[in-house]
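Below are the chains, spelled out letter by letter.
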Amino acid sequence: MAKYLAQIIVMGAQVVGRAFARALRQEFAASRAAADARGRAGHQSAAASNLSGLSLQEAQQILNVSKLSPEEVQKNYEHLFKVNDKSVGGSFYLQSKVVRAKERLDEELRIQAQEEKEKEQVPRT
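- As annotated in an unreviewed UniProt entry, the protein chain carries the name Mitochondria-associated granulocyte macrophage CSF-signaling molecule and is attributed to Urocitellus parryii.
- Under the UniProt heading Function (unreviewed entry), the entry covering the protein chain gives this text: "Regulates ATP-dependent protein translocation into the mitochondrial matrix. Inhibits DNAJC19 stimulation of HSPA9/Mortalin ATPase activity."
- Under Sequence similarities (unreviewed entry), UniProt gives the following word-for-word description of the protein chain: "Belongs to the TIM16/PAM16 family."

Encoded structure:
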């Protein structure tokens, strides 16, 4: 009886192990495909998120910007920076968040401009 129980446990562990390994391989393949789809800009954008500590979406929410336009970013930044100034009763923490959000969006705008410049430089055959 104990022999059969041990065989059932071993077989069950093998089945679960194979399923886990297959799922892990599929996840790695999907992750690789997503990274390839994002291309080089995705890597730069991810690096910018890591450096600033804010994702692009967080920065857009903080500055209340729906699409990336330098004018809208600057206008909202100036307003929120003045409103959160400590001398007018604002919060230094919120003001610093506004500054970090603007830095993150400026970096994203720089990346987009660089991509456009590279696309224009690619010779057409």
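**Some remarks on the packing of aromatic side chains**
Alright, step 1. Taken as a whole and assessed by the stated rule, the structure comprises one aromatic pair.
Alright, step 2. Aromatic pair Tyr77 and Phe81: ring centres 5.6 Å apart, planes at 35°, arrangement tilted. A residue pair is termed a helical-turn pair when its members lie 3 or 4 positions apart in one helix, as Tyr77 and Phe81 do in helix H3 (residues 70-83) at four residues.
Alright, step 3. Residue class for Tyr77 comes out buried when judged on its relative accessible area of 17%.
Alright, step 4. Lying across the ring of Tyr77, Lys102 places its NZ or CZ 5.4 Å from the centre.

**Topic: unusual backbone geometry**
Alright, step 1. For Asn64, which is not a glycine, the phi torsion comes out positive at approximately 55°.
Alright, step 2. Relative to the helices and strands, Asn64 resides in the loop between helix H2 (56-62) and H3.
Alright, step 3. Overall, the relative accessible area of 62% leaves Asn64 in the exposed class.

Cut-off values and rules
- Chains are numbered independently. Their residues run from 1 in the order of the written sequence.
- The model is predicted, so local features are restricted to residues of pLDDT at least 70 and side-chain atom pairs to those at 80 or more, both for listing and for counting; the totals for chains, interfaces and linings are taken over all residues.
- Hydrogen atoms and water are omitted, and side-chain values are computed over all heavy atoms in the structure.
- UniProt positions are given in the numbering used here, feature names are shortened, and annotations may be inferred rather than shown by experiment.
- Each pair of aromatic rings taken from Phe, Tyr and Trp, with Trp reduced to its six-membered ring, is defined by centres within 6.5 Å and is described as stacked if the planes are under 30 degrees apart, edge-to-face if over 60, and tilted in the remaining cases.
- Here a strand is any run of E in DSSP of at least two residues, a helix any run of H or I of at least four, and the numbering for each starts at the N terminus.
- Relative accessibility thresholds used throughout: buried, under 20% of the residue-type maximum; exposed, over 50%; partly exposed, between the two (1.4 Å probe, protein chains only).
- Two conditions define a charge sitting above a ring: the NZ of Lys or the CZ of Arg must be within 6 Å of the ring centre, and it must be within 35 degrees of the ring normal.

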